[in-house]
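Structural characterization, general
One letter stands for each residue in the lines below.
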Amino acid sequence: MAEFMSLHDAIARYVNDGATVAMEGFTHLIPFAAGHEVIRQKKRDLTLIRMTPDLIYDQLIGMGCAKKLIFSWGGNPGVGSLHRLRDAVEKGYPTPLEIHEHSHAAMACAYEAGAAGLPLAVLRGYIGSDLPKVNPDIRHIDCPFTGERLAAIPSNRPDVAIIHAQRADKQGNVLIEGIIGVQKEAVLAAKHSVVTVEEIVDDLNAHPNACVLPAWTISAIAVAPGGAAPSYTHGYYPRQNSFYKEWDAIARDRDTFAQWMEEHVINAGESKGASA
Amino acid sequence: MSEATIARDYTPAEMMTVTAARALVNGTTCFVGIGLPSEAANLARLTHAPDTVLIYESGTIQTKPDVLPLSIGDGELCDTALTTVSVPEMFRYWLQGGHVDVGFLGTAQIDRYANLNTTLIGDYREPKVRLPGGGGAPEIATNSREVFVTIKHSKRTFVKDVDFITTVGFGRDGKARDNLNPETAKHMGKGPTLVITDLCLLRPDPDTHELIVTSIHPGVTREQIVEATGWEVRFADQLDATPEPTAHELDVLRELKARTDRHHAGDTAGERA
């Protein structure tokens, strides 16, 4: 059952060193405030899962929190590279990073399979691609009915899923609107989940088919206004596309990056954690 | 028509976008990659193909953005979509389920068999340059009925063999789509049927699937194309001349880009959704 707590306490309780963590949000609703709290608490040896690592995993990797990354597209959307991710993969800085690389279709299926309690995801995927040659988690099975050879990958079942949403009601039910990505699947696939929200309201006013996570599917809820910035929260604030462009120069240089993180994340504290 | 007497007031990049846009037939359902494909697909929608259905992998279906998105999941795409579905639903039901006519992709590198590399330059374990990776492309390329690719033409981008096949065109030998399991064949598209560059159009040879030049843009020479291609590129016997952009196409494209620049420049000035 969802327990309301501070972001600090939620991360301290549910994100342990060595844990497998999925912070999701497909360009939209990326849980930056929570990610920054993970950085401030100096979590180490994390296995990070995320379809699009985005700036948040660039920051976690650059700050030395990760030992392994499972992902499907590791760029700065519309801008170029994630330089901290590249530095870790190309030069092992600040620590070597093991990568397990997929396609989006496979990652989406792996979350869905995790939510469905299955050990694997099956898809008509990776045909002709070299990805199966470099990722031992991409294998194949024969359909028992047609004999068709299909791709199989392990389901994503993280220790903890971390997401950001528009709002929760006082009982701890959570509403997600707009581009909903794989957040519902990530939460249902995970052993524990931490949800940050823009605000707490009396009534979600959700229409019958809305994407709602009942309180009893969530471990912890923390209020973090602006918690998705510099990504965005549909209905609250837009994506800071200009910051995504600025990040390229900040992350390109190790020292510039370290200084930026010190100033904007380490010394910023929880309430300003999402400032950018 | 000598170059000296015709004052062309468009850039090679505009020529590429307009030509890519023209490739989309009105009413096509198009799964759109970010960047150049998105620019071309929206230009098509705003000119000759108003009923083109644009789908982005973030889950937005039948979207009509007023400005070009910077990312694949900008709010603009959701705000102007008919409906927005989850990402698993997008890839499973809509793409793998067979609802996409054209997958429109960009890439970092392409080779003579139209294989795409967006993963890395060099060796996988010790990459010289690490690129973002596959994203949606590997399955867009196999599950769409056909694929268009748009990319700037240079020796760096047009290589004989890509270092890594992220997304299959026709494989290392040009035969990756031949002799498939019949059940797989039922669901496999034709693969890349058209490559649009800033110099020319290329299409796969019907027999070997090697990309050959089928149309040359105005003012471009064969030598320029040969020089910018990393293999001994062949030219079709029936070589077309790509028509120039019309004034209307250029106006619409420039307005779209100006709108986009104004929008993205103002995004941190306190604009609230």
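Residues numbered from 1 in each chain as written. Chains lettered and ligands numbered in written order. Predicted model: local features only at pLDDT ≥ 70, side-chain atom pairs only at ≥ 80, totals over all residues. Heavy atoms only, no water.

Here we look at the packing of helix α1 (residues 12–22) of chain B against helix α2 (residues 36–46) of chain B
All names here are of chain B. Interaxial distance between α1 and α2 falls to 8 Å at its minimum, and their mutual angle equals 60°. One element, α1, and the other, α2, form an angle in the oblique class. Note that α1 runs across α2; the crossing there is right-handed. Contacts from Met16, Thr17, Val18, Ala20 and Ala21 of α1 reach α2 at Leu36, Glu39, Ala40, Leu43 and Ala44. Tallied by class, the residues present in the contact of α1 with α2 amount to eight nonpolar, one polar and one charged. (Axes fitted to C-alpha atoms, helices over the stretch in contact; angles between N-to-C directions. Helix = DSSP H or I, 4+ residues; strand = E, 2+ residues; numbered from the N terminus. Parallel < 35°, antiparallel > 145°, perpendicular 65-115°, else oblique. Left-handed = near helix turned anticlockwise from the far one by under 90°. Contact = heavy atoms within 4.5 Å. Nonpolar A, V, L, I, M, F, W, Y, C, P; charged D, E, K, R; others polar.)

Side note on the interface of chain B and chain A
With 51 residues of chain B in contact, the opposing surface of chain A contributes 56 residues. Of the roughly 4500 Å² buried between chain B and chain A, counting both surfaces, carbon and sulfur atoms make up 59%. For chain B, the biggest contributors to the area lost against chain A are Leu70(B), Arg130(B) and Pro132(B); these three give 15% of the whole. Inspection of the chain B/chain A interface yields four salt bridges. Across the pair Arg92(B) and Glu112(A) runs a salt bridge whose closest N-O atoms are separated by 2.8 Å. If you list the elements that add at least two residues to the side of chain B that touches chain A, you get α3 (75–79), α4 (87–96), β9 (127–130), α5 (137–143) and α6 (182–187) of chain B. In terms of residue count, α4(B) provides more of the side of chain B that touches chain A than any other element does, five residues in total. (Buried area = accessible area lost by both parts, 1.4 Å probe. Salt bridge = Lys/Arg side-chain N within 4 Å of Asp/Glu carboxyl O.)

Some points on empty space enclosed by the protein
As enumerated under the stated definition, the model contains two cavities of 30 Å³ or more in all. Estimates place the volume of the largest cavity at around 40 Å³. Lining the largest cavity are Ala105(A), Cys109(A), Leu123(A), Phe91(B), Arg92(B), Gln96(B), Glu139(B) and Asn143(B). Within the residue set of the lining of the largest cavity, elements represented by two or more residues are α5 (104–115) of chain A together with α4 and α5 of chain B. In terms of residue count, α4(B) provides more of the lining of the largest cavity than any other element does, three residues in total. Of the residues assigned to the lining of the largest cavity, the class counts are four nonpolar, two polar and two charged. By volume, the second largest cavity is sized at about 30 Å³. (1 Å grid on protein atoms, 1.4 Å probe; cavity = no way out; pocket = protein on both sides within 12 Å on 5 of 7 lines; lining within 4 Å. Points joined across faces, edges and corners; volume = space filled by probe spheres on them.)

Concerning unusual backbone geometry
Following Tyr93(A), the chain continues to Pro94(A) via a peptide bond in cis, the omega torsion being 0°. Of note, Pro94(A) is situated in the loop between α4 (83–91) and β7 (98–101). A cis geometry characterises the amide bond from Ala229(A) onward to Pro230(A), with omega recorded as 10°. Its identity is not glycine, yet Asn179(B) carries a phi of approximately 50°, on the positive side. Position of Asn179(B) relative to the elements: it lies in the loop between β10 (146–150) and α6.

A look at the pairing of strand β9 (residues 139–142) of chain A
Looking at chain direction, β9(A) and strand β10 (residues 149–154) of chain A are connected through four bridges and run antiparallel. By the bridge assignment, Arg139(A) is partnered in β10(A) with Ala152(A). (Pairing = 2+ DSSP bridges.)

Some thoughts on the confidence of the model for chain B
Taken residue by residue, chain B gives an average pLDDT of 93. The fraction at 70 or more is 94%. Counting interchain partners and residues more than four positions distant, the pLDDT-below-50 stretch residues 1–7 of chain B has three contacts. (pLDDT = per-residue confidence, 0-100.)

Here's the deal with the packing of aromatic side chains
Taken as a whole, this structure holds eight aromatic pairs over all chains when the rule is applied. Ring centres 6.1 Å apart and planes at 45° place the aromatic pair Phe243(A) and Trp247(A) in the tilted group. Of this pair, Phe243(A) and Trp247(A) both sit in helix α8 (residues 241–252), four residues apart, roughly one helical turn. Classification of Trp247(A) as buried rests on a relative accessible area of 0%. Summarising the aromatic geometry, the rings of Tyr124(B) and Phe164(B) are spaced 5.6 Å apart at their centres and angled 25° between planes, so their arrangement reads as stacked. With Tyr124(B) in the loop between β8 (120–122) and β9 and Phe164(B) in the loop between β10 and α6, the pair connects residues that are 40 residues apart, well separated along the chain. This pair shows no difference in class: Tyr124(B) is buried, exactly as Phe164(B) is. An aromatic cluster is built from Phe243(A), Trp247(A), Phe257(A) and Trp260(A), whose rings are joined through pairwise contacts. When the ring centre of Tyr57(A) is taken as origin, the NZ or CZ atom of Arg50(A), which lies over that ring, is 6.0 Å away. Positioned over the ring face of Tyr93(A) is Arg254(A), at 3.6 Å from the centre of the ring. (Phe/Tyr/Trp six-rings, centres within 6.5 Å; stacked < 30°, edge-to-face > 60°. Buried < 20%, exposed > 50% of the residue type's maximum accessible area, 1.4 Å probe, protein only. Lys NZ or Arg CZ within 6 Å of the ring centre and 35° of its normal.)

Observations regarding helix α9 (residues 254–266) of chain A
Residue and element names in this part refer to chain A. Among all positions in α9, only Phe257, Trp260, Met261 and Val265 are buried. Viewed along the axis of α9, the buried residues span an arc of 100°, placing them on a single side of the element. Those residues of α9 that are exposed and angled more than 90 degrees off the buried face are Asp255, Gln259 and Glu263. In the core, the buried residues of α9 are packed alongside α2 (32–40), α3 (54–62), α4 and α8. For α9, the side-chain oxygen to backbone nitrogen distance between the N-cap and Asp255 is 3.1 Å, and the N-cap itself is Asp253. (Arc of directions from axis to C-beta. Polar contact = N/O pair within 3.5 Å; in protein donor to acceptor, adjacent residues only side chain to side chain.)

Observations concerning the sheet that holds strand β8 (residues 120–123) of chain A
Residue and element names in this part refer to chain A. The strand order across the open sheet formed by three strands is β8-β10-β9, and the pairing between neighbours is antiparallel. The strands lining the two open edges of the sheet, one partner per strand, are β8 and β9. Between one strand and the next, the sheet's axes are offset by a mean angle of 40°, whatever the strand orientation. Here α5 sits on the sheet and contacts β8 and β10; the angle it forms with β8, its principal contact strand, is near 135°.

A closer look at the packing of helix α1 (residues 7–14) of chain A against α2(A)
Residues and elements named next belong to chain A. Two elements in contact, α1 and α2, have axes whose closest approach is 10 Å; the angle formed by their N-to-C orientations is 60°. By the angle class used here, α1 and α2 are oblique. The handedness of the crossing between α1 and α2 comes out as right-handed. Within the contact between the two elements, α1 uses Leu7, His8 and Ile11 and α2 uses Ala33, Ala34, Glu37 and Val38. Split by residue class, the contact of α1 with α2 holds five nonpolar, one polar and one charged.

With respect to the side chain of Asp111(B)
Residue and element names in this part refer to chain B. By the element assignment, Asp111 lies in the loop between β6 (109–110) and β7 (116–117). At 3.0 Å, the side chain of Asp111 forms a polar contact with the backbone nitrogen of Tyr113. Within polar-contact distance, the side chain of Asp111 engages the backbone nitrogen of Val162 at 3.3 Å.

Quick look at the pairing of strand β13 (residues 192–201) of chain A
Residues and elements named next belong to chain A. The element β13 is largely enclosed, with a buried count of seven among its ten residues. Of the pairings in the sheet, the one linking strand β11 (residues 160–169) to β13 comprises nine bridges and is parallel in character. The partner of Val160 across the bridge, within β13, is His192. Both β13 and strand β15 (residues 220–223) contribute to a ladder of four bridges, which runs parallel. By the bridge assignment, Thr196 is partnered in β15 with Ala222.

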